[in-house]
Amino acid sequence: MHFHDLRHSFASLVVSQGLSLPMIGKLLRHSQVQTTARYAHLQDTALQQASIMIGSAIATEGP
């Protein structure tokens, strides 16, 4: 394992907790948000939770 791997893991964990890419970029000392976007990968569980939340919002709003 390399230090670089820890930075990727950190960014992915934190983005799944809902922190913004600009905030994570500042923590990682990135000057470009695009760099942070390459580091931060959403975990499957975070994507599933977002889908459920969006589906619930659509269901309660109705047509």
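Throughout what follows, the structure given in this document is the object of discussion. Worth saying up front: this structure is predicted, and the values here are computed from it rather than measured. (Residues numbered from 1 in each chain as written. Predicted model: local features only at pLDDT ≥ 70, side-chain atom pairs only at ≥ 80, totals over all residues. Heavy atoms only, no water.)

A few points about the overall build of the protein
No. 1: The secondary structure content of the protein amounts to 4 helices and 0 strands.
No. 2: Walking the protein from its N terminus toward its C terminus, one meets helices and strands in the order α-α-α-α.
No. 3: Rg of the C-alpha trace for the protein: 15 Å, well past the compact-globule value of 11 Å for 63 residues, more than 25% over.
No. 4: A sequence separation of at least 24 residues applies to 49% of the contacts in the protein between residues at least 6 apart.
No. 5: In the structure as shown, the protein presents an accessible area of about 5000 Å², 62% of it carried by carbon and sulfur atoms. (Helix = DSSP H or I, 4+ residues; strand = E, 2+ residues; numbered from the N terminus. Rg over C-alpha atoms; globule rule 2.2 N^0.38 Å. Contact = heavy atoms within 4.5 Å. Areas by Shrake-Rupley, 256 points an atom, 1.4 Å probe, with all protein chains shown as cover.)

Quick word on helix H2 (residues 21–28)
No. 1: Residues Ile24, Gly25 and Leu28 constitute the buried set of H2. Looking down the long axis of H2, one finds its buried residues gathered within 105° of arc, a one-sided arrangement.
No. 2: Here the buried face of H2 lies against helix H1 (3–16) and helix H3 (33–39).
No. 3: Backbone geometry just downstream of H2 places Arg29 in the positive-phi region, at approximately 65°. (Buried < 20%, exposed > 50% of the residue type's maximum accessible area, 1.4 Å probe, protein only. Arc of directions from axis to C-beta.)

Remarks on unusual backbone geometry
No. 1: Within the chain, Arg29 stands out as a residue other than glycine whose phi angle is a positive 65°.
No. 2: Mapped onto the elements, Arg29 comes out in the loop between H2 and H3.

Some thoughts on a nonpolar patch on the surface
No. 1: Residues Phe10, Leu19, Met23 and Leu27 make up a contiguous nonpolar surface patch of about 350 Å² in total accessible area.
No. 2: Its place among the elements puts Phe10 in helix H1. (Patch = residues over 30% accessible without salt bridge, like charges linked within 9 Å, V, L, I, M, F, W, Y side chains within 5 Å. Salt bridge = Lys/Arg side-chain N within 4 Å of Asp/Glu carboxyl O.)

Quick look at the nonpolar core
No. 1: Core analysis: the largest hydrophobic core is formed by 7 residues, namely Ala11, Val14, Val15, Ile24, Leu28, Tyr39 and Ala40.
No. 2: If you list the elements that add at least two residues to this core, you get H1 and H2.
No. 3: With 3 residues, the single largest contributor to this core is H1.
No. 4: Contacts of Ala40, omitting those with residues within four sequence positions, involve Ala11, Ser12, Val15 and Leu21. (Core = buried A, V, L, I, M, F, W, Y, C linked by side-chain atoms within 4.5 Å.)

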